[in-house]
Amino acid sequence: MLAAALLLALPFCTAESVSSYAGSTVVDSYPPPGATNTAVDSYFPDGAQVGYAGPTPTGAEPAAIATAIPFAKVENAFPLSRPNSADGADIAFNVMRHWGNLAPMYSVDSFGLPEASPVIPEGCGINAVHLLMRHGARYPTSDSGSSHFASKLHAAASQEGFSVTGDLEFLATWTYKLGAEILTPYGRDSLFSNGVAFRYRYGNLLNAFTDLPVFRTTSEDRMLDSALNFAAGFFEIRTYETDYHQEIIIEENNFNNTLAPYYACPNANTEDIGNFGSTQAKKWANIYLKDARKRLQPMIPGFNLTISRLVDMQELCAYETVALGYSKFCDLFTQEEWEGYEYYVDLNFWYSSGPGNPATAAQGLGYVQELVSRLTHTPINVWNSSTNSTLDSSNITFPLNQPIYVDATHDTVISSIVTALNFSSLAATGPLPTDHIPRHRSYIASQIAPFASQLVAQVLSCPASEEPTHIRFLLNDGVVPLTGIHGCTEDSNGLCALPSFISGMHERIGEINFAHDCFASYTMPDPDNIIDGRYPS
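Note that the structure is predicted; figures quoted are calculated from it, not measured.

1. Quick word on the state of the cysteines
- Under the defined criterion, the tally for this structure stands at four disulfides.
- One disulfide bridge connects C124 with C462, the sulfur atoms lying 2.1 Å from each other. The S-S bond linking C124 to C462 shows a torsion near 110°; that makes this disulfide right-handed. A residue pair is termed long-range when its members are at least 10 positions apart, and C124 in the loop between α3 (64-67) and β1 (125-134) and C462 in the loop between β5 (454-461) and β6 (469-475) qualify at 338 residues.
- One disulfide in the model links C488 with C496; its S-S distance is 2.0 Å. Its S-S torsion of about -80° marks the bond between C488 and C496 as left-handed, since a negative value means left-handed.

2. Side note on the packing of aromatic side chains
- Summed over all chains, the structure comprises 30 aromatic pairs.
- Here Y288 and Y344 contribute two aromatic rings whose centre-to-centre distance is 6.4 Å and whose plane-to-plane angle is 55°, an arrangement assigned as tilted. One end of the pair, Y288, is in helix α8 (residues 276-288); the other, Y344, is in helix α11 (residues 335-353), and 56 residues separate them in sequence. Per residue, the accessibility class of Y288 equals that of Y344, and both read buried.
- What links up through ring pairs into an aromatic cluster is the set F149, F162, F170, W174, Y176, F303 and F329.
- Over the ring of F234 we find R199; its NZ or CZ atom is 5.5 Å from the centre of that ring.
- Above the face of the F303 ring, R309 is positioned so that its terminal group lies 4.7 Å from the ring centre.

3. Side note on the side chain of S352
- Counting through the fold element by element, S352 comes out in helix α11.
- Residue classification places S352 among the buried positions, given a relative accessible area of 10%.
- Polar contacts involving the side chain of S352 include one to the main-chain carbonyl oxygen of G274, which spans 2.9 Å.
- Polar contacts involving the side chain of S352 include one to the main-chain amide nitrogen of G277, which spans 2.8 Å.
- The contacts of S352, once residues within four sequence positions are left out, are G274, N275, F276, G277, S278, N357 and T360.

4. Thoughts on the pattern of salt bridges
- Taken as a whole, this structure holds 16 salt bridges when the rule is applied.
- In this structure, R216 and D407 form a salt bridge, with 2.8 Å as the shortest nitrogen-oxygen distance. Of this pair, R216 sits in strand β2 (residues 214-218) while D407 sits in strand β4 (residues 404-409), placing them 191 residues apart in sequence.
- Between D346 and R441 there is a salt bridge, with its nearest N and O atoms 2.8 Å apart. On the criterion of sequence distance, the pair formed by D346 in helix α11 and R441 in the loop between α14 (411-420) and α15 (445-448) is long-range, its members being 95 residues apart. We note that D346, like R441, is buried.

5. Comments concerning the confidence of the model for the chain
- The share of residues in the chain with pLDDT of 70 or more is 97%, and the mean pLDDT across the chain is 95.
- Taken together, the stretch residues 1-12 has pLDDT below 50 and engages in one contact with residues farther than four places along the chain or on a different chain.

6. Describing α14
- Here α14 lies mainly inside the structure; nine of its 10 residues are buried.
- Of the residues one or two after α14, N422 is the one with positive phi, at around 65°.

7. Comments concerning the pairing of β5
- Counting buried positions along β5 gives seven out of eight residues, so the element sits mostly inside the fold.
- Pairing of β1 with β5, which is carried by eight bridges, proceeds in the antiparallel orientation. Note on β5: the bridge partner recorded for L132 is L455.
- Across seven bridges, the pairing between β5 and β6 is antiparallel. Bridge pairing in β6 places V456 opposite L474.

8. Concerning a nonpolar patch on the surface
- Taken together, the side chains of V40, Y43 and F44 make up a nonpolar region of the molecular surface, amounting to roughly 380 Å² of accessible area.
- For Y43, the location among the structural elements is in the loop between α1 (2-9) and α2 (47-50).
- A relative accessible area of 65% means that Y43 is categorised as exposed.

9. Side note on unusual backbone geometry
- The amide bond that connects G430 to the next residue, P431, takes the cis arrangement and shows omega of -5°.
- By the element assignment, P431 lies in the loop between α14 and α15.
- D526 connects to P527 through a cis peptide bond whose omega is 0°.
- Within the secondary structure, P527 is located in the segment after α17 (514-519).

Calculation notes
- Residues numbered from 1 in each chain as written.
- Predicted model: local features only at pLDDT ≥ 70, side-chain atom pairs only at ≥ 80, totals over all residues.
- Heavy atoms only, no water.
- Disulfide = S-S within 2.5 Å.
- Helix = DSSP H or I, 4+ residues; strand = E, 2+ residues; numbered from the N terminus.
- Phe/Tyr/Trp six-rings, centres within 6.5 Å; stacked < 30°, edge-to-face > 60°.
- Buried < 20%, exposed > 50% of the residue type's maximum accessible area, 1.4 Å probe, protein only.
- Lys NZ or Arg CZ within 6 Å of the ring centre and 35° of its normal.
- Polar contact = N/O pair within 3.5 Å; in protein donor to acceptor, adjacent residues only side chain to side chain.
- Contact = heavy atoms within 4.5 Å.
- Salt bridge = Lys/Arg side-chain N within 4 Å of Asp/Glu carboxyl O.
- pLDDT = per-residue confidence, 0-100.
- Pairing = 2+ DSSP bridges.
- Patch = residues over 30% accessible without salt bridge, like charges linked within 9 Å, V, L, I, M, F, W, Y side chains within 5 Å.
- Areas by Shrake-Rupley, 256 points an atom, 1.4 Å probe, with all protein chains shown as cover.

As structure tokens, this is what we get:
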């Protein structure tokens, strides 16, 4: 009797009754239909019509990049809820920083120069700054694995034999609430905040302008939205539209665009070359998610939890968090599995958009040519890459005398450009193996191209040096060594004499064969030991 009583007292793990709408897509729309009523607009005049603004004197422009010690780092992703791993034992482990290109941007401590600071080195001053930034956090791309997972789950929900238990019980009523392609509220916020931070760091350079700045972006919705949010933060919400010129370059087939160069490089879009990273990453996924499949599959009978669907679930953790602020998918996976996912993304980037792909440097070539043109104040006169001869030939749409340049682009383009620039320290531990995570690897996608990523080139005057003008690069606040560039020597602050850098870039530009790497018919080397983004000569 006692045994029977104890048995009855034990909790039973029963299958959750699955709703027929599980996995269905939910879409909200604001403002509500019919809410816009222009007839009442006169009741709500703007500030200029109301007047009575009070005193409005301005102050001096900030120059925190030269004065702010210690440097203000990006260390959190407010207002997003920080997720935990399934084992959750190490509270110092930050799941968000293991989302690869889906991670919110955070300040990188070091790329091999531990003593270097983003703050201008003592004895130097800032002459100009070149910013290349990624768009903010977005919804998944159209036809993504996340949406496919939802549709497959929704189809299974109406079938006999499908149920969910344990950690997957939430799927019984889960719906897909993500849009596609465009920025999330957090994505808009992070670009606005980046604009504010950039004004604090480099605002004093506005004093050197004699005309309004020209900033560039592409025509995709999230790209334009990112550029405008950045500008609203950098300038001022009520005046930014008249404080600068926003150049919008068409992002589509048959249009040259250095901020979307894959449209000018056919090999970047082929399955065997452009998507080689996906092939390599899948090999690793079959290893690192093996235990997760064994653990989670019994909790969802009637639904085949394949390795690719587990990857979709990890991506849903990231996408739901940046879109909705929180996701129950996050704590389904252990710390080791999140480290595995991070490396999965690293493999994808290394072999598709990084040093291990033969068409990568060619894609970054056009921007490097534009950078050299800006640094030397010399118009481009050779059109052998993704540069747009119509726009780049004009001193209106491609000015060469600005102390501040701001360009908005995509994650894969930033990874292509740092490859074309030959930041060899990032490739120091490559090629990347597909059967294990190497210790102390140098190539980590979340440090290179997270959401709202920033590549900054600082042009500095250092009067006490033998060469008075230098350049150095910050990638998400981490100073990058330039020793892969011919003529740039080791420097604890990452400095390279500007003439040496320009000479090294001319040499690098001459090495990259855009016509061959983007258009020639070739197969991927086996094994792929490429580490500089070019097809082996």
